[in-house]
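Tertiary structure, described
Listed below, chain by chain, are the residues.
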Amino acid sequence: MNGTAAPEPTEASAPTPQPPLEWRFSQVFGERGAGEDVQDVDIISAIEFNRTGHHLATGDRGGRVVLFERTDAKDHVSRKEAEKADYSISRHPEFRYKTEFQSHEPEFDYLKSLEIEEKINKIKWCQETNGASFLLSTNDKTIKFWKVQEKKVKKICEMNMNTSNAHANGGPTTHVPNGGILKPGGLPLLRMPLVTSQETSLAANCRRVYAHAHDYHINSISNNSDGETFISADDLRINLWNLEISNQSFNIVDVKPTNMEDLTEVITSAEFHPSHCNTLAYSSSKGSIRLVDLRQSALCDTHSKLFEQHESAGSRSFFTEIIASISDIKFSMDGRHILSRDYMTLKLWDVNMDSGPVATFQVHEYLRPKLCDLYENDSIFDKFECCQSGDGLRVATGSYSNIFRVFNCGAGDGEVTTLEATRNPTRRQTQNPARPVRSMTRNVRRENTGIDANGNSYDLSTKLLHLAWHPAENLIACAAANSLYMYYG
């Protein structure tokens, strides 16, 4: 009653706007030189951080898996030791090459007269045990379970006897062949080798092979939070596996119609909830996401929730369904949101709200007038991945000309950062809104190049399809052809 006005209540649910991040180049592996041709087998086709962010795996079209490990921070390094070594605790993560192995080889299905490429489609890290790393890798048909472990290399260091000391025992000695010594009235002493372990080498062993369970190409694998099971998905089915059993899987989702002519949509991506072992989500070519509860029934024909956004009747065209197809979905680390990527946009969904996305981000709106050309050269079918920061405040996805875009998820925040996968990532960066109004209307050619809404040229032949966000740091790893680039903010 002192006459002072009470402060107005603020919305607690509204996220606090975050200051813009200044992204910098960190590292590059396999950088291509000027004019250097890239072999198709060297092009990176999968990227994945493990749960702690201490390891990174990439797969390529040649069937190889390459592992990197973090070097700038170790769990056993204390702050005092780091200060003595003039080491900054807050410096950005740095990685080094660890090892690589051949995961898949090209095969031929004689029953179907079909060549099976060795290309790695997906990689997923599993729980570490006794210092060994475990991961799943898959091509179009076969999933493999790998164990990567340091092994000590045993070498013969020296013999445990020295012939020069033999005379100190007294009495005459007689030398016999092979360096032995014969004592008076005795047998030759054996010279036993001394074995030591001085070096360590990394060995990758294939523990299990999960095969012959998919008639169509595998597009997703996702391991469960229970640490025991994982799913694999193709165009029409999702199978549930136990890591310990490779000759049997259980079909939990089947969208194959009795008559294939009635087929209207296919499964494009699937992922387990990060903490609820009974929940998974899968996306379709019609732009919908279905949330499935494994406790409801053995065969999950019905979904517990459906997330989709309907186009108004007046805005529909021949390309509407094509560009609505979702190429990738990712749960946020807390499991509260689902991030989805279709051809033109990035959408953020709240798992508790199925009325529509809570945020929509335009990735390359300047290409909308060119959908006909993109259809003719098949670029409209490119499958871009998406990722989200560990704190859930930012999302990222790739585009053409080897660029990727980072969006802020804060309410009312229009921060958009455009970065190019080069040593100078901000070379093309412009301050433009998340939903550009001006589209490309001039300098257009019917080839793979053109001018975007900011006046920069774009190239459809160079595309950034694969990227991953470090689970605990603002660090993005992305693939540009055969090169792995890392940026921190």
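Data block above holds the structure.
The structure displayed is predicted, hence computed values, not measured ones.

Across its full length, the protein chain holds three helices and 34 strands. Across the 489 residues that make up the protein chain, the buried fraction comes to 45%. Restricting the contact set of the protein chain to residue pairs at least 6 apart, pairs at least 24 apart contribute 56%. Put simply, the protein chain shows about 25,800 Å² of open surface, and 48% of that area lies on carbon and sulfur atoms.

Together, Phe-318, Tyr-375 and Phe-381 give the surface a local cluster of nonpolar side chains, amounting to about 330 Å² of exposed area. Within the secondary structure, Phe-318 sits in the loop between β21 (305-307) and α2 (320-324).

Should the charged atoms of two oppositely charged side chains come close, the side chains can pair. Here the structure, examined in full by the defined rule, presents 22 salt bridges. Across the salt bridge formed by Asp-382 and Lys-463, the nearest N and O atoms sit 3.1 Å from each other. Placement of Asp-382 in the loop between α3 (371-376) and β26 (386-388) and of Lys-463 in the loop between β31 (457-459) and β32 (467-469) is noted, with a sequence separation of 81 residues between them. Here Asp-382 falls in the buried class, since its relative accessible area comes to 16%. The network of salt bridges with shared partners includes Lys-112, Asp-215, Arg-237 and Asp-254.

Let us look at the packing of aromatic side chains. With the rule as written, the count across this model stands at 21 aromatic pairs. On the basis of an interplanar angle of 75 degrees and a centroid distance of 5.1 Å, the ring pair of Tyr-210 and Phe-230 is categorised as edge-to-face. Here Tyr-210, found in strand β13 (residues 193-210), pairs with Phe-230, found in strand β15 (residues 229-233); they are 20 residues apart in sequence, far enough to count as distant. Relative to Phe-381, the ring of Tyr-375 lies with its centre 6.0 Å away and its plane at 55 degrees, an arrangement referred to as tilted.

Judged by nonpolar contacts, the single largest core of 16 residues is most densely connected at Phe-404, Val-406, Leu-467, Ile-476 and Cys-478. Counting residues per element, this core draws most heavily on strand β33 (residues 475-480), at three residues. Ignoring any residue separated from it by four or fewer positions in sequence, one finds Ile-476 in contact with Trp-23, Ala-396, Phe-404, Val-406, Leu-467, Ala-468, Trp-469, Tyr-485, Met-486 and Tyr-487. One finds Ile-44, Phe-49, Phe-68 and Ala-479 within the second-largest nonpolar core, a separate group that totals 15 residues.

Pairing within the open sheet is antiparallel, and its four strands lie in the order β1-β34-β33-β32. At either end of the open sheet lies a strand with only one pairing partner, and these are β1 (24-29) and β32. The sheet shows a mean angle of 20 degrees between the axes of neighbouring strands, taken without regard to direction. As paired strands, β33 and strand β34 (residues 483-488) are joined by six bridges and run antiparallel to one another. Paired with Ala-479 across the strands is Leu-484, a residue of β34.

With burial as the criterion, each face of strand β8 (residues 122-125) is covered, one bearing Lys-122 and Lys-124 and the other bearing Ile-123 and Trp-125. In this structure, β8 lies alongside strand β9 (residues 133-138), joined through four bridges in antiparallel fashion. Bridge pairing in β9 places Lys-122 opposite Thr-138.

Relative to the helices and strands, Val-66 is located in strand β4 (residues 64-70). Taking the relative accessible area as the measure of exposure, Val-66 reaches 14% and is therefore buried. Distance from Val-66 to Ile-44, taken between C-alpha atoms, is 9.9 Å for residues 22 residues apart in sequence.

Residues apart from glycine generally show negative phi values, whereas peptide bonds are mostly found in trans. Even without being a glycine, Ser-113 presents a positive backbone phi close to 50 degrees. Structurally, the position occupied by Ser-113 is in the loop between β6 (107-109) and β7 (114-116).

The topology assignment puts His-364 in the loop between β25 (359-362) and α3. Polar side-chain contacts of His-364 include one of 2.8 Å to the side chain of Ser-399. With residues up to four places along the chain from it excluded, the contact list for His-364 reads Arg-341, Tyr-343, Met-344, Phe-384, Ser-399 and Tyr-400.

Turning our eyes to something else, we now look at the sheet that holds strand β23 (residues 337-341). Pairing within the open sheet is antiparallel, and its four strands lie in the order β22-β23-β24-β25. Each edge of the sheet is formed by a strand with only one pairing partner; in this case those strands are β22 (328-331) and β25. Between one strand axis and the next, the sheet turns by 15 degrees as a mean value, whatever way the strands run.

Burial of β33 is extensive: six of the six residues sit out of reach of the surface. Here β33 shows no split at all, with Leu-475, Ala-477 and Ala-479 on one side and Ile-476, Cys-478 and Ala-480 on the other all buried. With three bridges connecting them, β32 and β33 associate as antiparallel partners. The residue bridging Leu-467 from the neighbouring strand is Cys-478, located in β33. Counted along the chain from β32 to the antiparallel partner β33, the turn is five residues long.

About the cut-offs
- Residues numbered from 1 in each chain as written.
- Predicted model: local features only at pLDDT ≥ 70, side-chain atom pairs only at ≥ 80, totals over all residues.
- Heavy atoms only, no water.
- Helix = DSSP H or I, 4+ residues; strand = E, 2+ residues; numbered from the N terminus.
- Buried < 20%, exposed > 50% of the residue type's maximum accessible area, 1.4 Å probe, protein only.
- Contact = heavy atoms within 4.5 Å.
- Areas by Shrake-Rupley, 256 points an atom, 1.4 Å probe, with all protein chains shown as cover.
- Patch = residues over 30% accessible without salt bridge, like charges linked within 9 Å, V, L, I, M, F, W, Y side chains within 5 Å.
- Salt bridge = Lys/Arg side-chain N within 4 Å of Asp/Glu carboxyl O.
- Phe/Tyr/Trp six-rings, centres within 6.5 Å; stacked < 30°, edge-to-face > 60°.
- Core = buried A, V, L, I, M, F, W, Y, C linked by side-chain atoms within 4.5 Å.
- Pairing = 2+ DSSP bridges.
- Axes fitted to C-alpha atoms, helices over the stretch in contact; angles between N-to-C directions.
- Polar contact = N/O pair within 3.5 Å; in protein donor to acceptor, adjacent residues only side chain to side chain.

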